[in-house]
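Working through the structure, step by step
Here are the chains, one letter per residue:
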Amino acid sequence: MTAPELDDGRRYRGAAPGQRQQERRTRLIEAATEAFGVDGYRNTTVTTICAAAGVGKRYFYESFADSEDLLLEVYRETAARMIEAIHTGLRDPDADVETQVRVALTAYFQLILDDPRVPRIAFFEILGVSAAVDRAYYGVLDALVDICLALITPHVDLETHPTVSVRTVLFGLVGAIVIIAQKWVLDDYRQPMTDVVDSACLVVNAVLTKIGPDGRSILG
């Protein structure tokens, strides 16, 4: 047993056991984010992650049941970064909807460009692992739909388009934006980001034109 792994319930180097466990958990998540985002989930072992994190393998299982459990946590944190980026477009209450949509999509695509680990984890490594991981993936899509719904509901003619119908449409819209992002990544970001954002905004505008009052776009 190496010195950093000593943890018998006492304080070690000024840190309480619970604090040291949280620190180990954080290091494991950081190491897994790098490994899954660069080498891929299926090409990474628990041993590899523990070595990168500087954590003894037996401590891995105090925080995670297995590698899939760790993947879910990495995905949750990656998705939270994406959602936070999107929220940046919604922080100015005085901005019109068009501006908020553009700022949100720009922040979303900028994150994908700046950190290639994000799209690899969120778009590719997460797919086809298990039913539990699939549920987490669709849960994130639902969260993105919630953001869209909150943004546009004040501007939608709900008598013509009931909320349940609008939500279904927005689920398709979110899926379209994800596909645009996936294709951009698969093409090695060859298309300028401004063009990608313009394309995504065009898709959003096309949808919102149909569900605005009297068929008018809510983007102005």
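Predicted model only: the values in this text are computed from it and were never measured.

Within the protein chain, the secondary structure is distributed over nine helices and zero strands. Put simply, the protein chain runs from its N terminus to its C terminus through helices and strands in the order α-α-α-α-α-α-α-α-α. Burial status across the protein chain gives 42% buried among its 220 residues. Put simply, of all contacts in the protein chain between residues at least 6 apart along the chain, 66% involve residues at least 24 apart. Taken as a whole, the protein chain presents about 11400 Å² of accessible surface, with 55% of it coming from carbon and sulfur.

Before going further, it helps to spend a moment on the nonpolar core. With 67 residues, the main nonpolar core has Phe-36, Leu-70, Leu-105, Tyr-108 and Phe-109 as its most contacted residues. For this core, the leading source of residues is helix α7 (residues 131-152), giving eleven residues. Tyr-108 has contacts with Met-82, Ala-85, Ile-86, Phe-123, Ile-177, Val-178 and Ala-181, leaving out every residue within four places of it along the chain.

Summed over the entire model, instances satisfying the criterion amount to 13 salt bridges. Arg-117 is paired through a salt bridge with Asp-115; the nearest N and O atoms lie 3.0 Å apart. A relative accessible area of 22% means that Arg-117 is categorised as partly exposed. The partner of Arg-167 in a salt bridge is Asp-142, with the nearest N and O atoms 3.7 Å apart. Here Arg-167 is found in helix α8 (residues 163-186), whereas its partner Asp-142 is found in helix α7, with 25 residues between them in sequence. Look at Arg-167 and you get partly exposed, because its relative accessible area is 27%.

This part is about the confidence of the model for the protein chain. In the predicted model, the protein chain carries a mean pLDDT of 86, and the fraction of residues at 70 or more is 88%. Under a pLDDT of 50 for its full length, residues 1-12 has, in the predicted model, 23 contacts with residues more than four places off or in other chains.

Reading guide: rules and limits
- Residues numbered from 1 in each chain as written.
- Predicted model: local features only at pLDDT ≥ 70, side-chain atom pairs only at ≥ 80, totals over all residues.
- Heavy atoms only, no water.
- Helix = DSSP H or I, 4+ residues; strand = E, 2+ residues; numbered from the N terminus.
- Buried < 20%, exposed > 50% of the residue type's maximum accessible area, 1.4 Å probe, protein only.
- Contact = heavy atoms within 4.5 Å.
- Areas by Shrake-Rupley, 256 points an atom, 1.4 Å probe, with all protein chains shown as cover.
- Core = buried A, V, L, I, M, F, W, Y, C linked by side-chain atoms within 4.5 Å.
- Salt bridge = Lys/Arg side-chain N within 4 Å of Asp/Glu carboxyl O.
- pLDDT = per-residue confidence, 0-100.

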